[in-house]
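Remarks on the overall topology
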Amino acid sequence: MLNIVLFGPPGAGKGTQAEMLVTKYNLCHLSTGDVFRYNIKNETELGVLAKGFMDQGKLVPDEVTIKLLISEVEKNPQAEGFIFDGFPRTTPQAEALDKILTERGTSINMMIALDVEKAELTERLKNRALSSGRADDADPEIIENRIKVYMDETFPLKEFYDQQGKFIKVNGHGTIEDITARLFETIDLALA
Ligand code: AP5
Ligand code: MG
C-alpha cells in the first residue's frame, strides 16, 4: 500500500493535486473537509455540528474528526492506498491515523507538504470565493483565521513526521501542471 499525507495551509493546492495523485498512483482520496461539506449539504447531524466550526475557520473537534476518518477508511477496504488531504491536523489525529493503519498492517509512507507563501494563499482563496460557495472563503477575516489555526495547531505536525524521516517539502508555487510534475518526481524518488 502507498499512503500519503498531503499537507499544507488552506489554499496550498491539496485538493487540486490530490486529484492528480489519485489517478497516477491509483489511490483513494480522503479529504475530511470534503466529507464535512458533503454532510453540511445534506444537513446531517454531523454537518450541523461541523458547520459551526468550519464557518469560523476553527478545527472540528478531534473526537468527531477521528471517528469520521475511521469510518471513511473502513468504507474502502479494497483501496490500494490512501491520500489523506486535510487530515491529520493535530497530534491526536496523527496518532490515531498511525493506529488505524497499523491495525490494517500498513503505515504512512510520506508526508508531502506543499509550501506556498501567505500572499499567494489569500489570493487563491479570494479567487475561489467567487465560485466555491464556501462560507470560509467568503470573508477575508475567516481566511486569515484558517491560516492562523494552521500555523498554531497543524504546522507543528511537521515534527511528528520529520522525526520518522517521512517529511518532504515541495515548492507549491507555479502552475498546477508544474507542481504535479514536482510531486510525481518527489514520490517516485521516495519510493525508488
Ligand atoms: P479543508 O477542506 O481541508 O480546507 P483547507 O485546509 O482550508 O484547504 P482548502 O481546501 O481551502 O485548500 P487546498 O489546499 O485543498 O487547495 P485547493 O486545491 O482547493 O478544511 C476546511 C475546514 O474543515 C477546516 O477549516 C476545518 O474547520 C474542517 N476540517 C477539515 N479537516 C479537518 C480536520 N482534520 N480536523 C479538524 N477540522 C477539519 O486550491 C485552492 C484554490 O487555488 C482553488 O481555487 C484552486 O483552483 C487554486 N489553485 C490550486 N493550485 C493552484 C496553482 N498552482 N496556481 C493557482 N491557483 C491554484
Ligand atoms: Mg481542499
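Quick look at the structure, then. (Residues numbered from 1 in each chain as written. Chains lettered and ligands numbered in written order. Predicted model: local features only at pLDDT ≥ 70, side-chain atom pairs only at ≥ 80, totals over all residues. Heavy atoms only, no water.)

With that settled, the discussion passes to the sheet that holds strand 5 (residues 167-171). Sheets are built from strands paired through backbone hydrogen bonds, the pairs being either parallel or antiparallel. Pairing is parallel in the open sheet, where five strands are placed in the order 2-3-1-4-5. The sheet is open, and its two borders are formed by strand 2 (28-31) and strand 5, each paired with just one other strand. Across this sheet, the average inter-strand angle for adjacent strands is 25°, counted without regard to direction. When strand 4 (residues 110-115) meets strand 5, the two strands line up parallel, connected through five bridges. Considered in strand 5, the bridge of isoleucine 112 is made with isoleucine 168. (Pairing = 2+ DSSP bridges. Helix = DSSP H or I, 4+ residues; strand = E, 2+ residues; numbered from the N terminus. Axes fitted to C-alpha atoms, helices over the stretch in contact; angles between N-to-C directions.)

Surveying the vicinity of ligand 1 reveals 31 residues, the closest of which are Thr16, Thr32, Lys58, Arg89 and Arg128. At a separation of 2.5 Å, an oxygen atom of ligand 1 approaches a polar side-chain atom of threonine 16. Note that an oxygen atom of ligand 1 is positioned 2.7 Å from one of the side-chain N or O atoms of arginine 128. Coverage of ligand 1 by the protein amounts to 87% of the 1,000 Å² it exposes when considered alone. The cavity where ligand 1 resides is the largest pocket. For the shell around ligand 1, the secondary-structure elements that each account for two or more residues are helix 1 (14-25), helix 2 (32-41), helix 6 (118-132) and helix 10 (176-191). Considered class by class, the residues forming the shell around ligand 1 number 11 nonpolar, 11 polar and nine charged. (Near = heavy atom within 4 Å. Polar contact = N/O pair within 3.5 Å; in protein donor to acceptor, adjacent residues only side chain to side chain. Areas by Shrake-Rupley, 256 points an atom, 1.4 Å probe, with all protein chains shown as cover. 1 Å grid on protein atoms, 1.4 Å probe; cavity = no way out; pocket = protein on both sides within 12 Å on 5 of 7 lines; lining within 4 Å. Sits in = over half its atoms within 2 Å of the grid points. Nonpolar A, V, L, I, M, F, W, Y, C, P; charged D, E, K, R; others polar.)

A few words on the pairing of strand 3 (residues 81-85). Most of strand 3 is tucked away, with five of its five residues classed as buried. Residues Gly81, Ile83 and Asp85 point to one face of strand 3 and Phe82 and Phe84 to the other, with burial holding for every one of them. Where strand 2 and strand 3 come together, four bridges link them in parallel fashion. The residue of strand 3 that forms the bridge with cysteine 28 is phenylalanine 82. (Buried < 20%, exposed > 50% of the residue type's maximum accessible area, 1.4 Å probe, protein only.)

Another point: the packing of helix 4 (residues 62-74) against helix 5 (residues 91-103). Helix 5 packs onto helix 4 with a crossing angle of 25° between their chain directions and a minimal axis gap of 10 Å. The angle between helix 4 and helix 5 places the two elements in the roughly parallel class. Helix 4 and helix 5 meet at a crossing whose hand is right-handed. The residues of helix 5 that touch helix 4, namely those facing Asp62, Thr65, Ile66, Leu69, Ile70 and Val73, are Pro92, Gln93, Ala96, Leu97 and Ile100. Counted by class, the contact of helix 4 with helix 5 contains eight nonpolar, two polar and one charged residues. (Parallel < 35°, antiparallel > 145°, perpendicular 65-115°, else oblique. Left-handed = near helix turned anticlockwise from the far one by under 90°. Contact = heavy atoms within 4.5 Å.)

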